[in-house]
Amino acid sequence: MSAEDHDPLEGFDTTIHAPNRLRVCALLDTAGEAEFGLVQKQLDLSASVLSKHVTVLMDVGYVEQRKAVRDTRQRVWLRLTERGREAYRGHLAALRAIVGPPDPAG
């Protein structure tokens, strides 16, 4: 591979690639920060499934959570870290490189 060639897998992130984790990252990239319950509702996931995926993303430093009491209940807000945002956007770029440009006739 020459210096001019670009490896389409550069930036591909197997941690983010799992469909539910990709959806979490997409939502948080757009929203900036979102309450756990809202993410759960938007993605139509059970709390336990979402929690497992968020834990994976937190373990690699892509997502962080903020806890606070609101309306006498503890709430959890999620957000992408800068590292997570870069990894997510790099993963999207890799996916686009893999599938190629959109068909202009399509």
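Rules used throughout
Residues numbered from 1 in each chain as written. Predicted model: local features only at pLDDT ≥ 70, side-chain atom pairs only at ≥ 80, totals over all residues. Heavy atoms only, no water. Salt bridge = Lys/Arg side-chain N within 4 Å of Asp/Glu carboxyl O. Helix = DSSP H or I, 4+ residues; strand = E, 2+ residues; numbered from the N terminus. Buried < 20%, exposed > 50% of the residue type's maximum accessible area, 1.4 Å probe, protein only.

Caption draft 1: Up close: the pattern of salt bridges. A full pass over the atoms with the stated rule returns five salt bridges. Close ionic contact of Arg 66 with Glu 33 constitutes a salt bridge, the shortest N to O distance being 3.0 Å. In this pair, Arg 66 is assigned in strand β2 (residues 63-70) and Glu 33 in strand β1 (residues 33-35), connecting sequence segments 33 residues apart. Judged by its relative accessible area of 38%, Arg 66 is partly exposed. A relative accessible area of 34% means that Glu 33 is categorised as partly exposed. Residue Glu 35 pairs with Arg 75 through a salt bridge whose shortest N-O separation is 3.0 Å. Taken together, the residues span a long stretch of sequence, with Glu 35 in strand β1 and Arg 75 in strand β3 (residues 73-80) at a distance of 40 residues.

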